[in-house]
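Residue-level structure breakdown
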Amino acid sequence: MRDDRGSITLWALGMSLLLFAVGFLALDLWSGFSARQQAAAIADSAAIAGATALDEAAWRSGSLELVASAAQARAEGAAVAHPAWDASMSVSAVATSGGVTVSVSRTIPFRFISGLVPGRVAEIVVSGYAEPGVAG
């Protein structure tokens with residue numbers, strides 16, 4: 001009969017390494033989800049800021065429209081001024097008289113699973129849209 005001493009130790013060591021690998025993967029995925037949520041918050045708040053650039057002449061005549069150039073500038077400025085903004089982000093805004101679309105892109109590095117991912121970074125792109133409206 002063969003001697004099986006030490007096989008449980010090797011099995012436990014292998015399972016421990018697998019558990020660490022899964023934990024590191026979870027940390028990188030969680031940081032990606034967090035970065036996406038942060039970029040979405042910036043895009044949404046910037047779109048809302050852009051949607052406040054009302055055309056006063058149109059508003060006085062009973063129409064709710066935006067000044068597209070002012071809405072775009074206001075949205076991009078609000079994105080860059082957001083407290084969560086950092087150097088790994090970029091913003092683009094497109095405005096019409098009816099609404100503002102803001103896209104925020106962000107690059108995040110993989111820290112723990114970088115050896116498994118080509119390029120070692122992930123690109124996240126989110127959009128937010130807002131249009132002027134009257135509540136109540």
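The following refers to the structure shown. What you see is a predicted model, and the numbers here were worked out from it, not measured in a lab. (Residues numbered from 1 in each chain as written. Predicted model: local features only at pLDDT ≥ 70, side-chain atom pairs only at ≥ 80, totals over all residues. Heavy atoms only, no water.)

**Considerations on the environment of Gly32**
- Mapped onto the elements, Gly32 comes out in helix 1 (residues 7-50).
- In this structure, the C-alpha to C-alpha distance between Gly32 and Val91, residues 59 residues apart in sequence, is 18 Å.
- Once you skip the residues sitting within four places of it in the chain, Gly32 turns out to touch Ile108 and Ile124. (Helix = DSSP H or I, 4+ residues; strand = E, 2+ residues; numbered from the N terminus. Contact = heavy atoms within 4.5 Å.)

**A word on helix 1**
- Across its 44 residues, helix 1 extends 65 Å between first and last C-alpha, which sits within 8% of the 64 Å expected from 1.5 Å per residue.
- Among all positions of helix 1, only Asp28, Gly32, Ala35, Ala39, Ala40, Ile42, Ala43, Ala46, Ala47, Ala49 and Gly50 are buried.
- Packed against the buried residues of helix 1 are helix 3 (68-81), strand 1 (89-95), strand 2 (100-109) and strand 3 (121-130). (Expected span 1.5 Å × (residues − 1). Buried < 20%, exposed > 50% of the residue type's maximum accessible area, 1.4 Å probe, protein only.)

**Structural notes on the pairing of strand 2**
- With seven bridges joining them, strand 1 and strand 2 adopt antiparallel strand pairing. When the sheet's bridge partners are listed, Ser92 is paired in strand 2 with Ser103.
- Taking the residues that link successive antiparallel strands as the turn, the strand 1-strand 2 hairpin has four residues.
- With 10 bridges connecting them, strand 2 and strand 3 associate as antiparallel partners. Counterpart to Ile108 in the pairing with strand 3 is Ala122. (Pairing = 2+ DSSP bridges.)

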